[in-house]
Amino acid sequence: MMTEEQTVTEKIISDAMANPSPAKSMGDPGITPLSPSHTQQSDTDQVQSQLSFVVVVAIDFGTTSSGYAYAFTKEPECIHTMRRWEGGDPGVSNQKTPTTILLTPDRKFHSFGYAARDFYHDLDPSESKHWLYLEKFKMKLHTTANLSIDTDLHAANGKRVKALDIFAYALAFFKEQALKELSDQTGGDFDNNDVRWVITVPAIWKMPAKQFMREAAYKSGLVSRENPEQLIIALEPEAASIYCRKLRLHQMVDLGTKTTQNGLSPTDNVGSGMTQGDRYVVVDCGGGTVDLTVHQIRLPEGHLKELYKASGGPYGSIGIDYEFEKLLCKIFGQDFIDQFKIKRPAAWVDLMIAFESRKRAAAPDRTNPLNINLPFSFIDYYKKFRGHSVEHALRKSNVDFVKWSSQGMLRMSPDAMNSLFKPTIDHIIQHLTELFEKPEVSDIKFLFLVGGFAESPLLQQAVQNMLQGRSRIIIPHDVGLTILKGAVLFGLDPSVIKVRRSPLTYGVGVLNRFMEGKHPPEKLLVKDGTRWCTDVFDTFIAADQSVALGEMVKRSYTPAKPSQQVIVIHVYCSEKDSVGFISEPGVRKCGTLRLDVSGTESTAPRREIQTLMQFGDTEIRAMAVDVSTGRTVKASIDFLSH
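Only a predicted model underlies this, so the values are computations on that prediction, with no experimental measurement involved. Residue positions within a chain follow its written sequence, with the count starting from 1. Note on the predicted model: pLDDT of at least 70 is required for a residue's local features to be given, and 80 or more for side-chain atom pairs to be given and counted; whole-chain, interface and lining totals, by contrast, use all residues. Water and hydrogen atoms were dropped before computing side-chain values, which therefore reflect all heavy atoms in the structure.

Moving on to the pairing of strand β23 (residues 505-513). Accessible area is worked out with a 1.4 Å probe on protein chains only. A residue is then buried under 20% of its type maximum, exposed over 50%, and partly exposed in between. Helix and strand definitions here come from DSSP, where helices need a minimum of 4 consecutive H or I residues and strands a minimum of 2 consecutive E residues; each element is numbered from the N-terminal end. Across the 9 residues that make up β23, a large majority, 8, are buried. Note: two strands are recorded as paired if DSSP finds a minimum of 2 bridges between them. Pairing between β23 and strand β28 (residues 566-574): 3 bridges, direction antiparallel. Looking across to β28, one finds that Gly507 is bridged to Tyr572. Bridge analysis of β23 against strand β25 (residues 530-541) gives 7 bridges, and the strand direction is antiparallel. Across the sheet, Val510 pairs through a bridge with Val536, a residue of β25.

This is the structure:
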């Protein structure tokens with residue numbers, strides 16, 4: 001039953017829809033709703049959607065390396081990791097392939113991974129400068145502030161390419177590889193419609209980056225826009241978490257004891273060492289980012305509940321590569337290094353490959369130096385550029401822990417190498433320390449160290465020193481494949497994570513009745529004799545608020561004019577957990593909610609569009625229905641800036 005007062009409210013608000021506060025307040029118009037009305041949805045509709053796929057294929061699209069794994073829904077315990085790749089590096093095990101991509105001079109896809117790297121490397125320098133070679137490009141999605149469909153990337157030769165094209169080419173490559181392998185396995189052409197695809201992304205990625213990945217998947221033909229459920233975006237540390245709690249003891253190393261037994265038999269899994277309500281932290285250390293997730297296990301089903309919003313930052317192992325580059329600039333000059341990268345891009349790639357294998361040999365107790373091969377063209381080009389030798393440069397630079405060895409190598413002392421790791425590891429330890437100080441993060445039983453960078457003995461030692469025995473540190477044996485295998489498990493049962501925490505506060509701007517003394521005078525708007533307060537932030541969900549899977553936030557909106565075809569509502573977000581006005585510092589417009597109300601015209605005097613938004617999943621989704629007719633209204637929520 002609508003009171004007279006409320007009806008008036010709605011009229012004014014629908015008139016004000018053209019203003020930046022397009023929404024109506026709920027209940028008493030003078031009070032902003034603090035707690036959204038949530039509805040719980042049963043899990044049954046999710047089960048239906050799972051049964052139609054024959055296989056789940058997960059793609060771990062990493063900053064430095066990528067791969068895929070799959071399992072047939074009929075035998076979910078049996079996870080297959082992709083076939084071995086051709087190529088590979090000395091001293092680096094290659095279950096995954098480098099995230100490198102090569103386009104021909106006319107910008108057509110040529111190759112991916114080792115194949116791209118080797119082909120590029122073998123090109124004549126006069127030719128290679130026309131080819132487009134890209135690596136470590138995934139970080140661009142994390143670091144670009146206003147990510148859009150048109151965001152550019154730079155190839156090794158300095159030319160610009162559209163990021164969306166590159167990501168789509170990479171996903172198309174994995175689609176082709178996986179379908180080929182599935183066809184060989186099943187002895188026939190495997191139909192893409194039988195595949196549920198999962199793509200992993202860092203948990204700290206904002207919504208635009210996740211949506212960008214989905215757009216790239218549509219563009220690549222992995223799935224079609226008409227069938228969005230065929231693709232799930234999985235969060236990397238969540239995938240790792242799902243895998244880790246199933247680990248058997250012989251599949252991991254306990255850093256405290258450096259052994260695989262602790263009173264439990266080796267075939268027990270960690271889960272059997274976990275009891276109801278146990279809390280654990282997953283530290284996912286990859287090439288680009290480090291993600292920290294805190295989970296609690298709920299038995300007997302083993303459902304997971306997130307205890308604190310995902311945190312972390314761009315502190316992956318490529319930070320060490322940047323430090324090495326900075327060291328080279330210090331010795332040989334920034335001007336030379338910049339020039340060398342553009343003029344001899346293939347040789348630069350070689351140098352970084354040589355560094356990579358030495359980087360993996362760094363350890364806390366190492367005493368002998370690490371030798372890094374300098375490509376001949378580096379030595380040659382330096383002499384031309386500077387007029388003196390590399391050896392001379394090393395002698396006169398004041399970098400005393402890097403020497404020149406007579407075999408034409410850079411010789412680094414272990415301390416020199418360790419100092420390249422220090423900034424990155426310090427960031428990770430600082431983050432962990434802050435996380436463990438949070439009240440929600442007490443009594444942590446296990447800390448799982450996963451991701452490619454987790455193999456680093458320097459990082460392992462730093463984490464041990466920080467924790468001082470407060471939690472058991474567990475490292476899975478196949479640490480680089482943990483996320484991949486977990487992502488397959490997640491694709492088989494996405495409802496395993498029942499409760500998440502919202503990383504940000506989301507809401508819209510609304511008008512409320514102006515209250516003297518409560519509202520700031522500059523927010524006063526007088527319309528038809530009624531006093532309104534503008535820019536009030538109507539919170540859908542607050543940062544770090546717990547939200548269950550399938551939980552809905554409900555709001556109703558009314559078109560301003562009966563003839564209106566589309567309602568567009570600006571969505572705002574903030575890192576703060578309580579926000580009063582959309583004009584506050586730190587609040588930014590982050591997306592748009594579009595309700596397509598065309599074709600729903602009715603004779604009803606007031607059209608009410610009820611919108612349901614879901615925040616408990618890895619992506620934010622919206623649905624809407626026209627209350628008077630019960631018809632579904634096309635609703636979409638868009639986070640990419642156009």
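A few words on the packing of helix α6 (residues 163-186) against helix α7 (residues 207-220). α7 packs onto α6 with a crossing angle of 60° between their chain directions and a minimal axis gap of 8 Å. By crossing handedness, the relation of α6 to α7 is classed as right-handed. Contacts from Ala163, Leu164, Asp165, Phe167, Ala168, Leu171 and Ala172 in α6 reach Phe212, Met213, Glu215, Ala216, Ala217, Lys219 and Ser220 in α7. Interaxial angle, 0 to 180 degrees, is taken between N-to-C directions of lines fitted to C-alpha atoms, where a helix line uses only the stretch in contact. With the far helix as reference, a near helix turned anticlockwise by less than a right angle produces a left-handed crossing, and one turned clockwise produces a right-handed crossing. Residue contacts are counted whenever heavy atoms from the two residues lie within 4.5 Å of one another.

Here we come to the confidence of the model for the protein. Averaged over every residue, the pLDDT of the protein is 87; residues scoring 70 or more account for 87%. One confidence number per residue, pLDDT, is output by the predictor and ranges from 0 to 100. For residues 1-50, every residue scores under 50 in pLDDT, and the model assigns this stretch 99 contacts once sequence neighbours within four places are set aside. Every residue in residues 259-267 scores below 50 in pLDDT, and together they form 17 contacts with partners more than four places removed in sequence or on other chains.

Further remarks concern the packing of aromatic side chains. Classification of ring pairs rests on two measures: the distance between centres of Phe, Tyr or Trp rings, Trp counted by its six-membered ring, which must be within 6.5 Å, and the angle between planes, read as stacked under 30 degrees, edge-to-face over 60 and tilted in between. Across all of its chains, the model carries 30 aromatic pairs by this definition. Ring geometry for Phe119 against Trp131: centres 5.2 Å apart, planes inclined by 50°, an arrangement best described as tilted. Placement of the pair is Phe119 in helix α3 (residues 114-122) and Trp131 in the loop between α4 (125-128) and β8 (132-135), with a sequence separation of 12 residues. Overall, Phe119 belongs to the partly exposed group, its relative accessible area being 34%. Where Phe336 meets Tyr382, the ring centres are 4.9 Å apart and the plane angle is 85°; that geometry is what we call edge-to-face. One end of the pair, Phe336, is in helix α11 (residues 334-343); the other, Tyr382, is in helix α13 (residues 376-386), with 46 residues separating them in the sequence. We note that Phe336, like Tyr382, is buried. Geometrically, a lysine NZ or arginine CZ counts as sitting over a ring once it is within 6 Å of the ring centre and also within 35 degrees of the ring normal. Above the ring of Trp532, the side-chain terminus of Arg513 is found at 5.4 Å from the ring centroid.

Structurally, Asn157 is set in the loop between β9 (152-154) and β10 (160-162). Here Trp131 takes part through its backbone oxygen, which lies 3.1 Å from a polar atom of the side chain of Asn157. A distance of 3.1 Å separates a polar atom in the side chain of Asn157 from the backbone nitrogen of Lys159. Filtering out sequence-adjacent residues up to four positions away, Asn157 remains in contact with Lys129, His130, Trp131, Leu132 and Ile342. Residues adjacent in sequence count toward polar contacts only when both atoms are side-chain atoms; beyond that, a polar contact is any pair of N or O atoms within 3.5 Å, and within protein one must be able to donate a hydrogen and the other to accept it.

The next subject is the pattern of salt bridges. Any Lys or Arg side-chain nitrogen found within 4 Å of a carboxyl oxygen on Asp or Glu counts as a salt bridge. Going through the model one piece at a time under the given rule, you end up with 27 salt bridges. One salt-bridge network, held together by shared partners, links Lys136, Asp321, Glu356, Lys359 and Arg360.

Another aspect to go through is the nonpolar core. Phe324, Phe332, Leu447 and Phe448 are the most contacted members of the largest nonpolar core, which totals 99 residues. Considering every element that reaches this core, the biggest residue donor is helix α15 (residues 414-437), with 10 residues. Not counting residues within four places of it along the chain, the set of residues in contact with Phe332 comprises Ile337, Phe378, Tyr382, Arg386, Val390, Ala393, Leu394 and Leu410. Definition of nonpolar core: a set of buried residues of the types Ala, Val, Leu, Ile, Met, Phe, Trp, Tyr and Cys, connected through side-chain atoms within 4.5 Å. Residues Leu153, Phe167, Trp205 and Met213 belong to the second largest nonpolar core, which totals 50 residues.

Attention now goes to the sheet that holds β8. Read across the open sheet, the 3 strands follow the order β7-β6-β8; overall the sheet is antiparallel. The strands lining the two open edges of the sheet, one partner per strand, are β7 (109-112) and β8. With direction set aside, neighbouring strand axes in the sheet form an average angle of 20°. Sheet topology note: the strand β6 (residues 100-103)/β7 ladder contains 3 bridges and is antiparallel. Counterpart to Leu103 in the pairing with β7 is Phe109.

Right, let's get into α15. Here the expected span of a helix is defined as 1.5 Å times the quantity of residues minus one. With 24 residues, α15 should cover 34 Å at 1.5 Å per step; its first-to-last C-alpha distance of 33 Å lies within 8% of that length. The sharpest bend along α15 comes to roughly 40°, located at Lys422, with the proline Pro423 sitting one to four residues further on. Think of it this way: the bend at a residue is just the angle between two axes, each fitted to seven residues, one set ending at that residue and the other starting at it.

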